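What the coordinates show
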Amino acid sequence: MVLCTFLTLLQFLFEFIMSGKNERTFIMIKPDGVQRGLVGKIVQRFEEKGFKLVAMKMVWAEEDLLKKHYADLSSKPFFPGLVKYMSSGPVVPMVWEGLNAVKTGRFMLGETNPKDSAPGTIRGDYCIEVGRNIIHGSDSVESATKEINLWFPDKKKDVVDWASWAEKWIYE
Ligand code: DAT
Ligand code: MG
């Protein structure tokens, strides 16, 4: 009971610290986005919005890692195809930081199915089918934390804390 309260308090404190301008989201350009030469355009959108890049790499992911990443979808009929597609070429995982980074990131991506994504969103502008929707973005602060830990396990080395000179022109 005491431990439970303590853990809840810890989680609350953690979420408080990670909210605000320090909120982080996990964004990943999928193999089709890489193959189609869209890495630069996607990075540019997040940079121009005002978010701060704090981690990025290129990796040809093992199926094990992808199965962990998409664990909540493991019972879906499209799961095997999803893992195969995600392991069919290199991906570019990134961490972007800023106020409401998770929610705004999802808006910038568009809907899961590109056919429902508005023009101006990444999926609305650059893809057609749900099984080739070029980009992943965390759907909550909690899943962002999990995904960042999964793809960038050495927090001290993999994720960079740095001060941006632009910050005072982006936030009031
Ligand atoms: P999102 O990527 O928007 O968070 P999700 O987490 O529900 O969507 O699903 C993860 C990925 O799985 C999604 O980007 C594409 C694929 N997917 C989802 N629904 C699908 C479907 N009905 N058929 C094929 N692939 C699907
Ligand atoms: Mg999702």
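Here, every reference points to the structure presented above.
Residues numbered from 1 in each chain as written. Chains lettered and ligands numbered in written order. Predicted model: local features only at pLDDT ≥ 70, side-chain atom pairs only at ≥ 80, totals over all residues. Heavy atoms only, no water.

Attention now moves to the site of ligand 1. Inspection of the region around ligand 1 gives K30, Y70, L73, F78, L82, R106, T112, R123, V130 and N133 as its neighbouring residues. At a separation of 2.7 Å, an oxygen atom of ligand 1 approaches a polar side-chain atom of R106. In the environment of ligand 1, an oxygen atom lies 3.1 Å from a nitrogen or oxygen atom belonging to the side chain of R123. Here ligand 1, which alone exposes 520 Å², has 73% of that area covered by the protein. (Near = heavy atom within 4 Å. Polar contact = N/O pair within 3.5 Å; in protein donor to acceptor, adjacent residues only side chain to side chain. Areas by Shrake-Rupley, 256 points an atom, 1.4 Å probe, with all protein chains shown as cover.)

Moving on, we get to the environment of M86. With respect to the helices, strands and loops of the structure, M86 is situated in helix 5 (residues 79-86). Overall, M86 belongs to the buried group, its relative accessible area being 0%. Sequence separation of M86 and E62 is 24 residues, and the distance between their C-alpha atoms is 9.2 Å. Residues within four places of M86 in sequence aside, it is in contact with M28, K30, P31, L66, Y70 and V91. (Helix = DSSP H or I, 4+ residues; strand = E, 2+ residues; numbered from the N terminus. Buried < 20%, exposed > 50% of the residue type's maximum accessible area, 1.4 Å probe, protein only. Contact = heavy atoms within 4.5 Å.)

Looking along a regular strand, one sees side chains alternate from face to face of the sheet. Burial analysis of strand 3 (residues 92-97) places six of its six residues in the buried class, which makes it a mostly covered element. Burial of strand 3 is two-sided: the residues V92, M94 and W96 facing one way and the residues P93, V95 and E97 facing the other way are all buried. The pairing of strand 1 (residues 24-29) with strand 3 spans six bridges and is classified as antiparallel. Note that in strand 3 the partner of T25 across the bridge is W96. (Pairing = 2+ DSSP bridges.)

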